[in-house]
Amino acid sequence: MQALDTSVKVAVIGAGAMGSGIAQVAAQAGHVVYLQDQREGAAAAGKAGVAKTLQKRVDNGKMQQGDLDTLLQRIQPVDQLEQLADAGLVIEAIVENLDIKRQLFARLEDLCGEQVILATNTSSISVTSLGAQLKRPERLLGMHFFNPAPLMALVEVILGLATDKQLAEVIHATAAAWGKKPVFATSTPGFIVNRVARPFYAESLRLMQEQAADPATLDALLREAGNFRMGPFELMDLIGHDVNYAVTNSVFDAYYGDFRFQPSLIQKALVEAGRLGRKTGQGFYSYAEGATRPEAATLPPAQASDQQVIIEGELGAAAGLIPRFAAAGLEVIQRDGAGLIRYGDATLALTDGRMATERTVSDGLQQLVLFDLAFDYSKATRIAISAASQTTDSALQDAVALLQKAGLAVSQLSDAPGLAVMRTLAMLTNEAADAVLQGVASASDVDLAMCAGVNYPQGPLSWSQRLGSGVIWRVLQNLQTSYGEDRYRPSLLLRQQAFADGANY
């Protein structure tokens, strides 16, 4: 489908940071853009903000002054809705209020031509509900940008029940022409990103609540082992706990209290205390002048004299550790087995969602130390471990020494099922799989959305496939057994895929 021609005028209603950013994106693509806001002077201020931001690029030699002048000429601040009558695409970026948005779209239907495309930048309100009272609901869709709009690549193109699919394809093509990475999604709570991303925060909050580790340690693990740009606690502080908690509550309520989306009492307490993160100077971390950022808990250097490490069977995703052992000067001996590492007195295994103490009894593995998932074991700089209650201190020290010899900082968590990175990926994958199963979006669009919208190192579905058939499904099964909660129920799609791959379960 062909994108809108640049001769089509675009109107953006709402001149805050998001609306001004969308106006900049459309103007950069060559459209004349009307920027309107009901607050006196807000539209002009929004354009001035765009000018100020882009002037820095000019000053740094990253943009030509002539290009900036041309772009700014295309952005036309207007005061009245009536001045938008000849716009072909109107994007609203106003307050998240159903009634106010409905009233706005009803007025726009009367003011603009019958062929106008109406788009909402809502992150949480049903597009179907917004269009229910319109004369032409098929002309309404979602065009959900991410903040800051000029920098973030993702645009979720949301289809309500009545949305014309060909119209959605036009907007998808238009977003691509504007330099964005668009994805299709149906109008369900949270769309793609705000739904699938919930476990990124929820699982670390749960681990903190269970005293498995502190925020600084969990943040470091998600960054340095999981390869995420930011850890969950520092990201929540950046977003603002009032915003993040409200989104979690919104998704939880919209799914009729599904415990998979259950909000955290820890975050609730922060909101009640007014500790909203960076914007208030205090969240999980202090942002006061001179405040010292807490460091991740890291085990001190451990000593071990053994020069042999034994690899029993295939290590799967953790095979990247083997070259690191060899590079450390250890003799690597490989033999048949069940995917274990033996060093000194210690037996090491990749977490499968069970506690180390449980696996010692169930699998008969003595002196067991579990280690966490890493996005790339050949490049990770930190790893989490947990030890069974039956494991001796000397065996634990051997396990720590081995991982340290491989160049990894080691953080010990309590004997928590799934540790940190594996557990987070399992739940992200589970939510992504259900989104696909329920027709919210395709698997490729879900993965693209999570990479382009929230900078994940890899889409959760493709990352889980890289681990091997059924790995994440088994982790989820074990998490559900460990907790006895519906929160960890595996998606039917993951179960189906595991058996379709023909593995013996």
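Residue positions are counted from 1 within each chain, in the order its sequence is given. Where local features are concerned, this predicted model is filtered to residues with pLDDT of at least 70; where side-chain atom pairs are given and counted, the filter is 80 or more; whole-chain, interface and lining totals use all residues. Working from all heavy atoms in the structure, the side-chain values ignore hydrogens and water.

### Structural notes on the overall build of the protein chain
By the criteria applied, helices consist of DSSP H or I runs no shorter than four residues and strands consist of E runs no shorter than two, each listed in order from the N terminus. Each helix and strand in the protein chain was counted, giving 20 helices and 15 strands. Throughout, radius of gyration means the C-alpha value; the globule benchmark is 2.2 Å times the number of residues raised to the power 0.38. A compact globule built from 505 residues should have a C-alpha radius of gyration of about 23 Å, and the protein chain, at 26 Å, falls within 12% of that. In terms of overall dimensions, the protein chain has C-alpha extents of about 80 × 50 × 40 Å along its principal axes. Per-residue burial over the protein chain gives 53% buried out of 505 residues. We call a residue buried when its accessible area falls under 20% of the maximum for its residue type, exposed when it is over 50%, and partly exposed in between, using a 1.4 Å probe and counting protein chains only.

### Here we look at the nonpolar core
The nonpolar side chains of a soluble globular protein tend to be buried, and buried together. Put simply, buried Ala, Val, Leu, Ile, Met, Phe, Trp, Tyr and Cys residues joined by side-chain atoms within 4.5 Å make one nonpolar core. Counting residues in hydrophobic clusters, the biggest one holds 119 residues, and the most contacted among them are V90, L108, I192, F325, I341, F371 and Y377. Broken down by element, this core gets its largest block of residues, nine residues, from helix α16 (residues 421-437). Setting aside residues no more than four positions away along its own chain, I341 makes contact with V309, I310, I311, L315, L321, F325, A346, T347, L348, F371 and L402. We call two residues in contact when some of their heavy atoms are within 4.5 Å.

### Structural notes on the packing of aromatic side chains
In this analysis, rings of Phe, Tyr and Trp, with Trp reduced to its six-membered ring, are considered paired at centre separations within 6.5 Å, and the interplanar angle assigns stacked below 30 degrees, edge-to-face beyond 60, and tilted for intermediate values. Summed over the entire model, instances satisfying the criterion amount to twelve aromatic pairs. Here the aromatic rings of F228 and W463 are separated by 6.0 Å at their centres, their planes lie at 45°, and the arrangement is tilted. Highlighted residues: F228 in the loop between α9 (215-224) and α10 (232-239) and W463 in helix α18 (residues 460-467), separated in sequence by 235 residues. You can call F228 buried: its relative accessible area is 6%.

### A closer look at the environment of N147
Counting through the fold element by element, N147 comes out in the loop between β6 (140-145) and β7 (154-159). Put simply, N147 and R206 are 59 residues apart on the chain and 27 Å apart in space, counted from C-alpha to C-alpha. Setting aside residues no more than four positions away along its own chain, N147 makes contact with M18 and M152.

### Side note on the environment of D398
Along the polypeptide, D398 turns up in helix α15 (residues 393-405). According to the relative accessible area criterion, D398 is buried, its value standing at 13%. When the C-alpha atoms of D398 and A302 are compared, they prove to be 7.3 Å apart, with 96 residues separating the residues in sequence. Leave out the neighbours within four places in its chain, and D398 touches A304, Y343, G344, D345 and A346.

### Focus on the side chain of S491
Within the secondary structure, S491 is located in the loop between α19 (471-483) and α20 (492-500). On the basis of relative accessible area, S491 is assigned to the buried category, the value being 1%. Setting aside chain neighbours within four positions, we find S491 in contact with N430, A433, D434 and L437.

### What about the pattern of salt bridges?
Opposite charge on two side chains lets them pair, provided their charged atoms get close. The term salt bridge refers to a side-chain nitrogen of Lys or Arg lying within 4 Å of a carboxyl oxygen of Asp or Glu. Using the criterion set out here, one finds 27 salt bridges in the structure. Between R342 and E312 there is a salt bridge; the shortest N-O distance is 2.8 Å. One end of the pair, R342, is in strand β11 (residues 340-343); the other, E312, is in strand β9 (residues 308-312), with 30 residues separating them in the sequence. We classify R342 as partly exposed; its relative accessible area is 27%. A residue is classified by how much of its surface remains accessible, and E312, at 9% relative accessible area, is buried. Sharing partners across several salt bridges, the network here consists of R223, E224, E234, R293 and R382.

### So, helix α12 (residues 265-272)
Because each turn of an α-helix spans 3.6 residues, side chains separated by three or four positions in sequence point in the same direction. Within α12 the residues assigned to the buried category are I266, Q267 and L270. Buried residues of α12, viewed axially, fall in a sector of 95°; they line one side. Of the exposed residues in α12, the ones pointing more than 90 degrees away from its buried face are L265 and E272. Buried residues belonging to α12 abut α8 (198-209), α10 and α11 (241-254). N-cap assignment for α12: the residue whose side-chain oxygen lies 3.1 Å from the backbone N of I266 is S264. G274 sits one or two residues past α12 and shows a positive phi near 75°. Throughout, the arc means the angular range of directions from the helix axis out to the C-beta atoms. By the criterion applied in these results, polar contacts are pairs of N or O atoms within 3.5 Å in which, for protein atoms, one can donate a hydrogen and the other can accept it, and in which residues neighboring in sequence qualify only through two side-chain atoms.

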